[in-house]
Amino acid sequence: MRLLKEFDREELMEIGRSLHSFAADLYPICRSITGEGLRQTLGMIGRRIALQISEVPTGTPVFDWTIPKEWNIRDAYIKDATGNRVVDFQRCNLHIVNYSAPVRAKMALHELRPRLFTIPEHPDWIPYRTSYYKEDWGFCLSHNQMLALKDAEYEVVIDSTLGDGHLTYAEHYVPGRSKDEVLISCHTCHPSLANDNLSGLVVATALAELLSGHDLCYSYRFLFIPGTIGAIAWLSRNHDAVEHICHGLVLTGLGDGRGFHYKKSRRGDAEIDRAMAQVLRHSGIAHALLEFSPYGYDERQYCSPGFNLPVGCLMRSVWGTFPEYHTSADNLDFIQPAQLAESLRTCTSVVDILENNHSYRNLNPYCEPQLGKRGLYRSGDGEAISEDIIARLWVLNLSDGGNSLLDIAERSGLKFSTINDAADLLCQSGLLSAVDDQGARIQRPGCISFE
Amino acid sequence: MRLLKEFDREELMEIGRSLHSFAADLYPICRSITGEGLRQTLGMIGRRIALQISEVPTGTPVFDWTIPKEWNIRDAYIKDATGNRVVDFQRCNLHIVNYSAPVRAKMALHELRPRLFTIPEHPDWIPYRTSYYKEDWGFCLSHNQMLALKDAEYEVVIDSTLGDGHLTYAEHYVPGRSKDEVLISCHTCHPSLANDNLSGLVVATALAELLSGHDLCYSYRFLFIPGTIGAIAWLSRNHDAVEHICHGLVLTGLGDGRGFHYKKSRRGDAEIDRAMAQVLRHSGIAHALLEFSPYGYDERQYCSPGFNLPVGCLMRSVWGTFPEYHTSADNLDFIQPAQLAESLRTCTSVVDILENNHSYRNLNPYCEPQLGKRGLYRSGDGEAISEDIIARLWVLNLSDGGNSLLDIAERSGLKFSTINDAADLLCQSGLLSAVDDQGARIQRPGCISFE
Amino acid sequence: MRLLKEFDREELMEIGRSLHSFAADLYPICRSITGEGLRQTLGMIGRRIALQISEVPTGTPVFDWTIPKEWNIRDAYIKDATGNRVVDFQRCNLHIVNYSAPVRAKMALHELRPRLFTIPEHPDWIPYRTSYYKEDWGFCLSHNQMLALKDAEYEVVIDSTLGDGHLTYAEHYVPGRSKDEVLISCHTCHPSLANDNLSGLVVATALAELLSGHDLCYSYRFLFIPGTIGAIAWLSRNHDAVEHICHGLVLTGLGDGRGFHYKKSRRGDAEIDRAMAQVLRHSGIAHALLEFSPYGYDERQYCSPGFNLPVGCLMRSVWGTFPEYHTSADNLDFIQPAQLAESLRTCTSVVDILENNHSYRNLNPYCEPQLGKRGLYRSGDGEAISEDIIARLWVLNLSDGGNSLLDIAERSGLKFSTINDAADLLCQSGLLSAVDDQGARIQRPGCISFE
């Protein structure tokens, strides 16, 4: 199974434009961890890939947490004495502290002031703030906007509702030959922020589309969930699925212009960690591998000690380390088609490794087989030994049943796809056979059972 | 159990002055590996902490060695024709080769010359020399002193005794909840040398005083012993105690102005080695970790293959690497109060780790517990995630029963005390429980039994 | 057992001159993977060391390969219209593509041109080419020679035979106290090339001569074989011997002026790998350790997965990385006596380690034994502690039965011979005893059995 292998630069640009265009469609929606914006977003994804939608009622206990009230918002503004909306939710949904309780009041600027949030260092940017678990309200605005406010009385309206309802999340399942699963998870709760995380959402959707129709070794489960509470809700309600997860990725921040950052799973040496390191090492793109830490995105939940799932997190810029993070500057200009496409290709390359990382046995283990008589060696003494031939020698030498192709790629320093091609050719020549010819990986990396 | 935690800079200086003052009291005594100077020294320590004194008779076999004759000295000098003492033991006890046999003779300079030892590179310093196991005699003097000697006849007197007696050592035992022991060992055999090893002696005494009255997990055994033969004698006579040693430190050279050197135990990765590395890493003080080697102080005996005890050696300057080593320049000016206090604090920090290095179990291992509802998270979305919160997340994430707090400190890169505070708070919140709630470590690190 | 230990610089130069002289004798012979040149070469080796010659008939299957036809050549040339030999095998046997089929033809330059091989970058050098497994013919010549050829008709003669015959290889066996074997292998198939591999051949021969008459722990087997097919033939016909191989070296390229390169066995941490690393580390000669790769010399066969023998490859310059490689510039000037002797000494130092790498037990494991009373310590307090004494302390400290002398050399950073001398002295003093006093290593490093 090879994904995207055939795509050239122009096709990738086309894919990138399509990813960006989908992000642009989703951008204006006011999402949150519950509510209609989230449902509308999932509806638009559902028009591309089949989704199974779950609705978890307010008040449902999910491990140590409880599903909160559902939040919806129609309008919100701060109006001055002349009736002018000086802060207007209709212009940008970041203007409201996400999950703000309803308010209708007249108040002087000095009363309102503690509920106004700005970024003095970036006076034109609107910050993104939330208050999910503590009922509160407030407005976010640019620092310049606030400086322009006169010391007068304002009409303050937040036309929102907070009441019993549901938390919504969606799953897309791609069945493979094995019930063993690869989990792809992205958070879908952020409103008009492009990199965090429309980028992850559109890349995940496109990856699901690309997998469709392939004869897959693993099954793939895509989760489109609100951050933290969504992952916790899903984990608490899907014990069976959890036990099948062999590899997983959280996708986020995949559209900006910086190099890749891959945060390893808690295990640190899981196959997904090694596969991602392999892809990035040969990508030609600047990148860094980050050790696991218990702060970040939903890998926090997947890698909690009771689960300890082999789930890493692929990002470009790391949360909190770039100025645009959680501000209105994380907009559609901040994510670029080529970068989204490159992120997608990184994901497909990892899938290619997971799908093909089998172990083989050299059927002529005593001395080298004579490659020349099979047309697998150089044709003449004067020719250089190509990397392809070296790859064949590595595969033959290390295929004693104990090394997977990824092991061989790592030890040889050659690219996984070169090693994989060599293995294919040697199988065709009858020199190699798969250790496990059911085509599926038998050994799963020790998923922990629920107690 | 936290030691010294509450002490501020001024209190530490006060402690340092007290340590230096005690060293000054002990400085003039002519100690050796046996004899009255050693007894007098132990008597002065015994006025601060309760000591159990042992006297081992001359001739007693201790493993491959034999307790030597007891050495005592009243006076010694070289007198010129005018009756002037040109070398005088009363002025400095280093003037005598330690363990010199008695002599009364008149001899010409050229006869005396082979028995005079100087340091030409440091013409004002007196070297320190011994001849414990080969009966001999000699004088040490400054090179300038020797150059001033005229080619004449001298009266040479060493009024010493070498006869049947005892080797004396002392122990101070601080009982803890467990019989498992931490060994603190320092050599007390050097005469007027301050860093080597009054510094180790006064720091050990102060550590013993500080431990007094604390509810301790481990029991602590302090050894005040003559170097080599003392350690060998103690080991040969204390099989039962040896089997309880879980961690140990040799303390020496702790007063000079250089950074710390910690020489690891023979095991190299014992808990004491990791605890010391952790303390030094976060100390802000220049330091180096040295691999074990079989040459040095009494760790040579504790780490001999039959024992292989997890005992390291904490020093500032390393023996033999600084010019003042084993000379009269290793005097009370060479050791400073602030440096002694810092050494003591390093020891107490290590004790804090050993005492608190328990393993815990996260009682909500599936996903993160909701810290916010317990007041353990940041109060608002705008606040930064403090190091204290990160520490809580690390403790929760890694507390699966298999990681101790030191493991967590090492993996997180956070200071042990920060991790320890987080564990305390999480226990109070009911989110964590100690794996071993008897308060004592059950597993000891494989102390070797006598055959 | 110590080899060469007593030889000084002048003796080594003498040895080097002797090695070079033997290479010079062998240089003119036209060797190949079969044929009379190979037999003649083995005959000349056999006048120095006893050889067992094997002849494997053409057509014999050896694993995946088949013994090819035997090749012999009497003469070959390209003659111009005036009867002048413009390319003449009698002047240099590299002029013929090795294994060229017989030819007698008249042809125009443009017809001949595709069968002429040169090195444009080095216009005076003749390349070395072969065509063992594809019946073909051709000439190698200097680029300047070719440029001088006029566009005329030439008489082309290769007076060779390709027919049923034998592949010849030779073994020299030095019996030791154990049947466990050390394999020394060198390829003997290259014609007039000095470094590749007359150098390996003469060093191996000299090593065999040096071993003669020694009381050896291991048995030693020297293989003088044609590359690839020779190693494969030997392995396929010597299952019993293979099972006794505990350590092995391929020797090649040992005469040039560059530093040493040691390519590790597939295992990477075999005793031979560690012994060679130890020798090179203390050699004072520039060197590099190379990780195993499945391309190179006959270690490819010994390290194929079915065998996985602990066989490394000692070289100076690495194949293919120096311009003289496989050209007429790899001549007798390219290899120097001093370099050949140094290579031999490197081999004997490795043998010294293998022969002496026993494990000992400290008979006084509790505390240090008193070295002073045995005259094994410094004589006075003022003397420095010599490296010899430090070595004794290391041997005593680590000789708990679990560490070999090589382990101790590695951990201490001291030279193996210093550690070995210390062990000898401590044994003589009754402080140490060999764990295995049968003088032979009992545990072999897991040689794989034939299935």
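A.B. asks: Looking at this structure, I do not really get helix 8 (residues 271-281) of chain C. What am I missing?
C.D. replies: For an α-helix, the turn length of 3.6 residues means that residues three or four places apart are oriented alike. Counting buried residues in helix 8 of chain C gives nine out of 11 residues, a clear majority hidden from the surface. Among the residues making up helix 8 of chain C, those that are buried are Glu271, Ile272, Asp273, Ala275, Met276, Ala277, Gln278, Val279 and Leu280 of chain C.

A.B. asks: Where do I start with the relation of the copies chain B and chain A in this structure?
C.D. replies: Taken together, a rotation about one axis and a shift along it account for how the two chain copies relate. The transformation that overlays chain B on chain A combines an axial shift of 0.0 Å with a rotation of 120 degrees, and the residual RMSD is 0.1 Å. Taken together, the rotation and translation relating the two chain copies correspond to the operation of a three-fold axis. Judged by C-alpha distance, Asp269 of chain B is the residue of chain B that lies nearest the rotation axis, at 13 Å.

A.B. asks: For this particular structure, what's the right way to read the packing of helix 5 (residues 194-211) of chain A against helix 10 (residues 337-356) of chain A?
C.D. replies: The angle between the axes and the distance between the axes are what describe a pair of packed helices. All names here are of chain A. At a minimum axis separation of 10 Å, helix 5 and helix 10 run at an interaxial angle of 50 degrees. Between helix 5 and helix 10, the interaxial angle falls into the category oblique. Here helix 5 and helix 10 pass one another in a crossing that is right-handed. Contacts from Ser199, Val202, Val203, Ala206, Leu207, Leu210 and Leu211 in helix 5 reach Leu340, Ser343, Leu344, Cys347, Thr348 and Val351 in helix 10. Classifying every residue of the contact of helix 5 with helix 10 gives 10 nonpolar, three polar and no charged.

A.B. asks: I keep staring at the pairing of strand 13 (residues 245-251) of chain C and nothing clicks. Help me out?
C.D. replies: In summary, the side chains of a regular strand alternate between the two faces of the sheet. Residue and element names in this part refer to chain C. Where burial is concerned, most of strand 13 is hidden: seven out of the seven residues are buried. As judged from the five bridges shared by strand 11 (residues 181-187) and strand 13, these two strands associate in the parallel manner. Paired with Val182 across the bridge in strand 13 is His247.

A.B. asks: Sorry, what's going on with the interface of chain C and chain A here?
C.D. replies: Quite often, the size of an interface is put as the accessible area lost when its parts meet. On the chain A side, the residues contacting the 25 residues of chain C number 24 residues. Both sides together, the interface formed by chain C and chain A hides about 2200 Å², and carbon and sulfur atoms give 48% of it. At the junction of chain C and chain A, the tally comes to four salt bridges. Across the salt bridge formed by Arg300 of chain C and Glu368 of chain A, the nearest N and O atoms sit 2.5 Å from each other. Joining chain C to chain A, the criterion identifies 15 residue pairs in polar contact (both at pLDDT 80 or more). For the side of chain C that touches chain A, the secondary structure elements donating two or more residues are helix 6 (229-237) and helix 9 (299-302) of chain C. Residue composition of the side of chain C that touches chain A, grouped by class: 13 nonpolar, six polar and six charged.

A.B. asks: What am I meant to see in the pairing of strand 15 (residues 287-290) of chain B here?
C.D. replies: All names here are of chain B. In terms of strand pairing, strand 14 (residues 260-263) meets strand 15 through four bridges, oriented parallel. Note on strand 15: the bridge partner recorded for His261 is Ala288. With respect to chirality, the unit in which strand 14 leads through helix 8 (residues 271-281) into the neighbouring parallel strand 15 is right-handed.

A.B. asks: Sorry if this is basic, but what is going on with the confidence of the model for chain A here?
C.D. replies: Caution is warranted with low-pLDDT regions, since their predicted coordinates should not be read in detail. Residues and elements named next belong to chain A. Scored by pLDDT, chain A has a mean of 94; 95% of the residues are at 70 or more. In this model residues 437-451 is a low-confidence stretch, pLDDT under 50, and it forms 40 contacts with partners more than four residues away in sequence or in other chains. If you check the scores for this complex, the pTM reads 0.94 and the ipTM reads 0.94.

A.B. asks: How do you make sense of the interface of chain B and chain A when you look at a structure like this?
C.D. replies: Contacts between chain B and chain A engage 25 residues on the former and 26 residues on the latter. Carbon and sulfur atoms make up 48% of the surface buried where chain B meets chain A, a total of about 2200 Å² over both sides. Scanning the region where chain B abuts chain A turns up four salt bridges. Counting the contacts that link chain B with chain A gives 15 residue pairs in polar contact (both at pLDDT 80 or more). The set of elements that each furnish at least two residues to the side of chain B that touches chain A consists of helix 11 (387-398) and strand 18 (400-404) of chain B.

A.B. asks: Whenever I open this one, the side chain of Asn197 of chain B confuses me. Can you help?
C.D. replies: Residue and element names in this part refer to chain B. Residue placement: Asn197 occurs in helix 5 (residues 194-211). Here Thr252 takes part through its side chain, which lies 3.5 Å from a polar atom of the side chain of Asn197. Once residues within four sequence positions are removed from consideration, Asn197 is found in contact with Cys186, His187, His190, Leu251, Thr252 and Gly253.

A.B. asks: Please clarify how unusual backbone geometry should be interpreted in this entry.
C.D. replies: As a rule of thumb, non-glycine residues mostly have phi less than zero, and peptide bonds are mostly trans rather than cis. That bond from Asp196 of chain A to Asn197 of chain A is cis: its omega, 20 degrees, falls within 30 degrees of zero. For Tyr99 of chain B, which is not glycine, the phi dihedral falls at a positive 80 degrees. Here Tyr99 of chain B is to be found in the loop between strand 5 (85-88) and strand 6 (103-108). A positive phi angle is found at Thr228 of chain B, which is not glycine, with a value near 60 degrees.

A.B. asks: Where do I start with the packing of aromatic side chains in this structure?
C.D. replies: Any aromatic ring pair is given by two values, namely how distant the centres are and how the planes are angled relative to each other. As enumerated under the stated definition, the model contains 39 aromatic pairs over all chains in all. With 6.4 Å between their ring centres and 85 degrees between their planes, Phe292 of chain B and Trp394 of chain C make a pair best called edge-to-face. A residue pair is termed interchain when its members come from two chains, as with Phe292 of chain B in the loop between strand 15 and helix 9 (299-302) and Trp394 of chain C in helix 11 (residues 387-398). For Trp394 of chain C, a relative accessible area of 5% puts it in the buried group. Ring pairing ties together the aromatic residues Trp65, Trp71, Tyr99, Tyr132 and Tyr133 of chain A, which thus form one cluster. Between Arg48 of chain A and the ring centre of Phe22 of chain A, over which it is positioned, the NZ or CZ distance is 3.7 Å.

A.B. asks: Help me out: how do you make sense of the sheet that holds strand 9 (residues 153-163) of chain B in this one?
C.D. replies: Strand pairing within a sheet occurs via backbone hydrogen bonds; the two strands may be parallel or antiparallel. All names here are of chain B. Pairing is antiparallel in the open sheet, where four strands are placed in the order 5-4-9-6. Only two strands of the sheet have a single partner each, and these edge strands are strand 5 and strand 6. Here the strands of the sheet are splayed against their neighbours by 15 degrees on average, with no regard to which way each runs.

Rules behind the numbers
Residues numbered from 1 in each chain as written. Chains lettered and ligands numbered in written order. Predicted model: local features only at pLDDT ≥ 70, side-chain atom pairs only at ≥ 80, totals over all residues. Heavy atoms only, no water. Buried < 20%, exposed > 50% of the residue type's maximum accessible area, 1.4 Å probe, protein only. Helix = DSSP H or I, 4+ residues; strand = E, 2+ residues; numbered from the N terminus. Least-squares fit on C-alpha atoms with pLDDT ≥ 70 in both. Axes fitted to C-alpha atoms, helices over the stretch in contact; angles between N-to-C directions. Parallel < 35°, antiparallel > 145°, perpendicular 65-115°, else oblique. Left-handed = near helix turned anticlockwise from the far one by under 90°. Contact = heavy atoms within 4.5 Å. Nonpolar A, V, L, I, M, F, W, Y, C, P; charged D, E, K, R; others polar. Pairing = 2+ DSSP bridges. Buried area = accessible area lost by both parts, 1.4 Å probe. Salt bridge = Lys/Arg side-chain N within 4 Å of Asp/Glu carboxyl O. Polar contact = N/O pair within 3.5 Å; in protein donor to acceptor, adjacent residues only side chain to side chain. Right-handed = clockwise from strand over helix to strand, strands pointing away. pLDDT = per-residue confidence, 0-100. Phe/Tyr/Trp six-rings, centres within 6.5 Å; stacked < 30°, edge-to-face > 60°. Lys NZ or Arg CZ within 6 Å of the ring centre and 35° of its normal.

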